[in-house]
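# Observations on the model geometry
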Amino acid sequence: MYEKDTIISPISSVSGASVSLIRLSGISAIQTVNRFFSSVNLEKAEGGKFYFGKLIAENNQVIDEVIVYIFRAPKSYTGENIVEISCHSNVFIIEEILQLFIQNGCRTAKPGEFTQRAFLNGKMDLTQAEAVADIISSKSKAGVKNSLLFLEGGLSKKIKELKKDIIDLASLLELGLDFSEENLEIVSNDEVINKLNILLDEINTLIKSFSNSRDFQKGIEVLLVGEPNVGKSSLMNALLEKDRVIVSHIPGTTRDIIHEDIILEDTLVRFIDTAGIRITDDHIEASGVDRVKKLIDKVDIVLALFDLAEGISIENKELLNRLIKDKGEDVIIIGNKIDKKIKKETIDFINSFSNNKILVSAKLSENINQLRSAISFHIKREIQNEPDELILTNKRHHNILLEIKEKIITTRDSFSHNPGHEFIAADLREIINKLSEITGEITTDDILNNIFSSFCIGK
Ligand SMILES: Nc1nc2c(ncn2[C@@H]2O[C@H](COP(=O)(O)OP(=O)(O)OP(=O)(O)O)[C@@H](O)[C@H]2O)c(=O)[nH]1
Ligand SMILES: [Mg+2]
């Protein structure tokens, strides 16, 4: 059981919006807000309706004009009494409202605590609660759509069906035991093996879908690398269509890692500009370069830039060779400054690679659309935008399913070696329990705390 105190938190983001939402959930939510609400008696007010009025502090000062929405238990997100206050989106107002209620008996909600209460009150199972966090954090439209399938109970339904199949099988086996003296075969050994194989196929399908899910949640990261002054920051600005990064003719202008997000192909794409890669005595630049090398491993696409008007150092040639060895087709080679006189040696070097190559002028925004198309192509290849069936995105589900897969295999193999029906019942029970861990029917406080603490505040 959980503490039944009343919790409070902002549930909308503050910056830039005109209205913010604050939620109170718990037994005294309605009563607490009512003490400071000007227009109607909320304790007598109907649930499922909103009420306009002023929030007035204890010193009779008006904090804000607000709209208050009442949800009465159990017809609410958490299953408890909920009050949601729409106030003007201003940090001072939001802070004053929070403080008012905290000083009057509420407690700040922990990350994920609203959803945790919804789970504990039987409003949703664990896979649905996890889907709430996934929808919010998803960095592609496909990811959102997929997480919505989980919120609707897609995985829960699948788990329920699998459990029913195992329970049916266990019942038949038990019946077989009852009639074993009469030599009456209720279920043949082949049938048992066959049913376990079907179950294994279903589990394998779910497990396989996990490998496609990586970019759903994460989005795509595109890293710009190259020697100082090749035009990385200029290209970043051209891609973003705004002057986001400082550009100058002085090599080593960019010292830090700068990123900016745009949406391409219904996916959040993060462009990351970096310090030019060069062996240097300058400590700051050297540490920047170190960070770039770490980033290369982690990103989806690397744009390797070269200045077509300059020659290429041996070091840089080695760098590109290494980059392509590590990242393969995920490296797009960019020859920049086509508006200048091009050096043959440089273009020949670039052409010696089979990777995708694009010649651009970052400064004049030439061929930038061609580069965008190449990035789009990569995204489409990575992210299946219309997932027709459930794609597993959650590591916890994946790990449990891997355990179940192993258990089914050992159960099947030991059954085929020794079809003694007594042992298999315990094995099947174990598989059912593992499936119940996914939906949270069987769980521990530690597991729950671990899941919900990874949520953001206000979820
Ligand atoms: N002619 C021409 N000049 C360019 C082009 N792209 C960039 N430049 C110039 O090259 C210089 C360096 O550009 P930046 O974008 O700052 O280069 P960078 O790779 O970010 O440099 P660092 O941050 O120092 O590593 C600037 O003077 C730019 O105006 C281009 O396509 N054509
Ligand atoms: Mg730069």
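Each remark here, short or long, concerns the structure printed above.
Residues numbered from 1 in each chain as written. Chains lettered and ligands numbered in written order. Predicted model: local features only at pLDDT ≥ 70, side-chain atom pairs only at ≥ 80, totals over all residues. Heavy atoms only, no water.

## Concerning unusual backbone geometry
- Geometrically, the link from A73 to P74 is a cis peptide bond, its omega value of 0° lying close to zero.
- Inspection of the secondary structure puts P74 in the loop between β4 (62-71) and β5 (82-88).
- A positive phi angle is found at N60, which is not glycine, with a value near 70°.
- Relative to the helices and strands, N60 resides in the loop between β3 (49-56) and β4. (Helix = DSSP H or I, 4+ residues; strand = E, 2+ residues; numbered from the N terminus.)

## Side note on the site of ligand 1
- Around ligand 1, 23 residues are found, and the nearest of them are K232, S234, G252, T253 and T254.
- In the environment of ligand 1, an oxygen atom lies 3.1 Å from a nitrogen or oxygen atom belonging to the side chain of S361.
- Between K363 and ligand 1, the recorded distance is 3.2 Å, taken from a backbone N or O atom to an oxygen atom.
- Protein chains shield 92% of the accessible area of ligand 1, which is 650 Å² for the free molecule.
- Sorting elements by how many residues they give to the shell around ligand 1 places helix α9 (residues 232-240) first, with 3 residues.
- Of the residues in the shell around ligand 1, the class split is 6 nonpolar, 12 polar and 5 charged. (Near = heavy atom within 4 Å. Polar contact = N/O pair within 3.5 Å; in protein donor to acceptor, adjacent residues only side chain to side chain. Areas by Shrake-Rupley, 256 points an atom, 1.4 Å probe, with all protein chains shown as cover. Nonpolar A, V, L, I, M, F, W, Y, C, P; charged D, E, K, R; others polar.)

## A look at the coordination of the magnesium ion (ligand 2)
- At this site the magnesium ion (ligand 2) is bound by S233 (OG) and T254 (OG1), with donor distances of 1.9 to 2.1 Å. One end of the pair, S233, is in helix α9; the other, T254, is in the loop between α9 and β8 (258-264), with 21 residues separating them in the sequence.
- With a relative accessible area of 7%, S233 lands in the buried category.
- Judged by its relative accessible area of 9%, T254 falls in the buried class. (Donors = N, O, S within 2.8 Å, 3.2 Å for Na, K, Ca; no water. Buried < 20%, exposed > 50% of the residue type's maximum accessible area, 1.4 Å probe, protein only.)

## Examining helix α13 (residues 368-382)
- Here α13 spans 21 Å end to end across 15 residues, near enough to the 21 Å set by a 1.5 Å rise per residue.
- Of the positions making up α13, those classed as buried are I368, L371, R372, A374, I375, S376, H378 and I379. (Expected span 1.5 Å × (residues − 1).)

## Description of the pattern of salt bridges
- Taken as a whole and judged by the stated rule, the model has 26 salt bridges.
- We note a salt bridge from D261 to R270, for which the minimum N-O separation is 2.7 Å.
- The exposure class assigned to R270 is partly exposed, which follows from its relative accessible area of 26%.
- Counted as one network, the salt bridges with shared partners bring together D5, E80, R107, E113 and R117. (Salt bridge = Lys/Arg side-chain N within 4 Å of Asp/Glu carboxyl O.)

## Topic: the sheet that holds strand β9 (residues 267-273)
- Across the sheet, 6 strands lie side by side as β8-β9-β7-β10-β11-β12; this open sheet has mixed pairing. Each edge of the open sheet carries a strand with a single partner, namely β8 and β12 (357-360). Within this sheet the neighbouring strands show an average axis-to-axis angle of 25°, counted without direction.
- Here strand β7 (residues 220-226) pairs with strand β10 (residues 301-307) via 5 bridges, running parallel. (Pairing = 2+ DSSP bridges. Axes fitted to C-alpha atoms, helices over the stretch in contact; angles between N-to-C directions.)

## Some details on the nonpolar core
- Counting 32 residues, the largest nonpolar core has L155, V192, L401, I404, I408 and L428 as the members making the most contacts within it.
- Those elements that provide at least two residues to this core are α6 (154-178), α7 (189-209), α14 (395-417) and α15 (421-439).
- The element contributing the most residues to this core is α7, with 8 residues.
- Residue contacts for L155: discarding those within four places in its chain leaves T127, F150, L206, L390, L392, H397 and I438. (Core = buried A, V, L, I, M, F, W, Y, C linked by side-chain atoms within 4.5 Å. Contact = heavy atoms within 4.5 Å.)

Fair warning: the whole summary comes from geometry, so function is off the table for now.
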